[in-house]
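Each chain, written out:
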Amino acid sequence: MKLLINGAKGQVGSELVKDAQARGYEVYGFGSRELDITHFEQLMQKVEQIRPDVIINAAAYTAVDKAEQESEQAYAVNALGSENLAKASKQMAIPLLHISTDYVFDGEKDTPYTEMDQPNPTGVYGASKLQGDQAIEAIWSRHIILRVSWVFGEQGNNFVKTMLRLAKQQDELSIVNDQFGAPTSARAISQSLLSILETDNFNQPDFPWGTYHLQSEPGVTWFEFAREIFQQAEKLGLINKTMKLNPIPSSEFPTPVKRPANSKLDGIKLKQNFALKPVQWQDDLQQMLKNMSAITS
Ligand SMILES: NC(=O)c1ccc[n+]([C@@H]2O[C@H](COP(=O)([O-])OP(=O)(O)OC[C@H]3O[C@@H](n4cnc5c(N)ncnc54)[C@H](OP(=O)(O)O)[C@@H]3O)[C@@H](O)[C@H]2O)c1
């Protein structure tokens, strides 16, 4: 089976390429330089040339705060780019698997968000992603939109890497302890998407297309996430000191975009329709840190 993967150089895209190749798919992965999803003609040209069986979109504009200043670019990639992919998939009559975000929600809810909850993004990034999701839903029925949260992986920038970098410069850090969510590894997202693709009735008339939430466990605050990162990193010898961590409220760490206080996702629909259980991020974190320590030692 031929897969066209956009955003192939990003955190999730690079895992998808690696994972899909290991599973024997014929993979065509493109970064933004080789294939810019904001250009429909360029996209169609590649799609007609490759004639993939499925398109997987891991491309996105993901700089949450910067998006406030660069809203045109954020909307171009996240809204128009997704719309283009939906049109191209429809034109070729092939399924589109797409990734979206917990930041489409405002975080006012106390319990995990289900697919039935009303999105209400707090910033440009979330709003542009939501517009992309809505464009896909409106244009092409044979889609899966997988909403995920707090992504980390070996490739690209993320909270884990930021913490490890800061640990080289400081012994003490203050971390926000009133935003609740769930870290999710790029690897788990890739595995979940490919498991959906490998469902027996994939692409059959009874296939349950639609929007799904990937639940990751356990739910934590950024402070608790940082504590786990440093505990594991110290155990593996990636850092040689015990970091002093101070829990602080969001009000003491102002950002251009207000983050949702709760963005935990409920994965019951994914479990019911695809027998996919919530993923466990701590094991994936350990694997990532082990790989990093193997590289540095
Ligand atoms: N990061 C998070 O914490 C997080 C949380 C929730 C949901 N998500 C969602 O998860 C998905 C994957 O995110 P990620 O963390 O893997 O993102 P990422 O590491 O920032 O990678 C995104 C990739 O998109 C590509 N891209 C940007 N503009 C493009 C364009 N015009 N045409 C084609 N490709 C373009 C970039 O390619 P180049 O590098 O080649 O320029 C980049 O490698 C996204 O849908 C994101 O919204 C992420």
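Our subject is the structure listed above.
Just so it is clear, the structure is predicted and the values come from calculations on it, not from any experiment.

Trainee: Whenever I open this one, the pattern of salt bridges confuses me. Can you help?
Mentor: Between side chains of opposite charge, pairing is possible as soon as their charged atoms come close. Applying the stated rule across the entire model yields 12 salt bridges. With its nearest N and O atoms 2.8 Å apart, the salt bridge here joins arginine 23 to glutamate 198. In this pair, arginine 23 sits in the loop between helix 1 (11-22) and strand 2 (26-30) while glutamate 198 sits in the loop between helix 6 (186-197) and strand 10 (210-213), placing the two residues 175 residues apart along the sequence. With a relative accessible area of 34%, arginine 23 lands in the partly exposed category.

Trainee: Help me out: how do you make sense of the packing of helix 3 (residues 71-92) against helix 4 (residues 124-139) in this one?
Mentor: A pair of packed helices can be characterised by two numbers: the angle between their axes and the separation between those axes. Where helix 3 contacts helix 4, the axes come no closer than 8 Å and their chain directions differ by 15 degrees. The orientation of helix 3 relative to helix 4 falls into the category roughly parallel. For the pair helix 3 and helix 4, the sense of crossing is right-handed. Residue-level contacts link Ser71, Ala74, Tyr75, Asn78, Ala79, Ser82, Glu83, Ala86, Lys87 and Lys90 of helix 3 to Val124, Tyr125, Ala127, Ser128, Lys129, Gln131, Gly132, Ala135, Ile136 and Ile139 of helix 4. The class makeup of the residues in the contact of helix 3 with helix 4 is 10 nonpolar, six polar and four charged.

Trainee: Can you walk me through empty space enclosed by the protein in this structure?
Mentor: Over the atoms rolls a probe the size of a water molecule, and in doing so it shows where empty space is left. Tallying each qualifying case throughout the model produces one cavity of 30 Å³ or more. Lining the largest cavity, in full, are Val64, Glu68, Tyr103, Thr122, Gly123, Val124, Tyr125, Gly126, Val257 and Pro260.

Trainee: Please clarify how the packing of helix 2 (residues 40-50) against helix 3 should be interpreted in this entry.
Mentor: Direction vectors running N to C along helix 2 and helix 3 enclose 35 degrees, while the axes themselves pass 10 Å from each other. Crossing angle aside, the handedness with which helix 2 passes helix 3 is right-handed. Between helix 2 and helix 3, the contacting residues are Phe40, Leu43, Met44, Val47 and Glu48 on the first element and Asn84, Leu85, Lys87, Ala88, Gln91 and Met92 on the second.

What counts and how
- Residues numbered from 1 in each chain as written.
- Predicted model: local features only at pLDDT ≥ 70, side-chain atom pairs only at ≥ 80, totals over all residues.
- Heavy atoms only, no water.
- Salt bridge = Lys/Arg side-chain N within 4 Å of Asp/Glu carboxyl O.
- Helix = DSSP H or I, 4+ residues; strand = E, 2+ residues; numbered from the N terminus.
- Buried < 20%, exposed > 50% of the residue type's maximum accessible area, 1.4 Å probe, protein only.
- Axes fitted to C-alpha atoms, helices over the stretch in contact; angles between N-to-C directions.
- Parallel < 35°, antiparallel > 145°, perpendicular 65-115°, else oblique.
- Left-handed = near helix turned anticlockwise from the far one by under 90°.
- Contact = heavy atoms within 4.5 Å.
- Nonpolar A, V, L, I, M, F, W, Y, C, P; charged D, E, K, R; others polar.
- 1 Å grid on protein atoms, 1.4 Å probe; cavity = no way out; pocket = protein on both sides within 12 Å on 5 of 7 lines; lining within 4 Å.
- Points joined across faces, edges and corners; volume = space filled by probe spheres on them.

Spatial relationships are all this shows, so hold off on functional conclusions.
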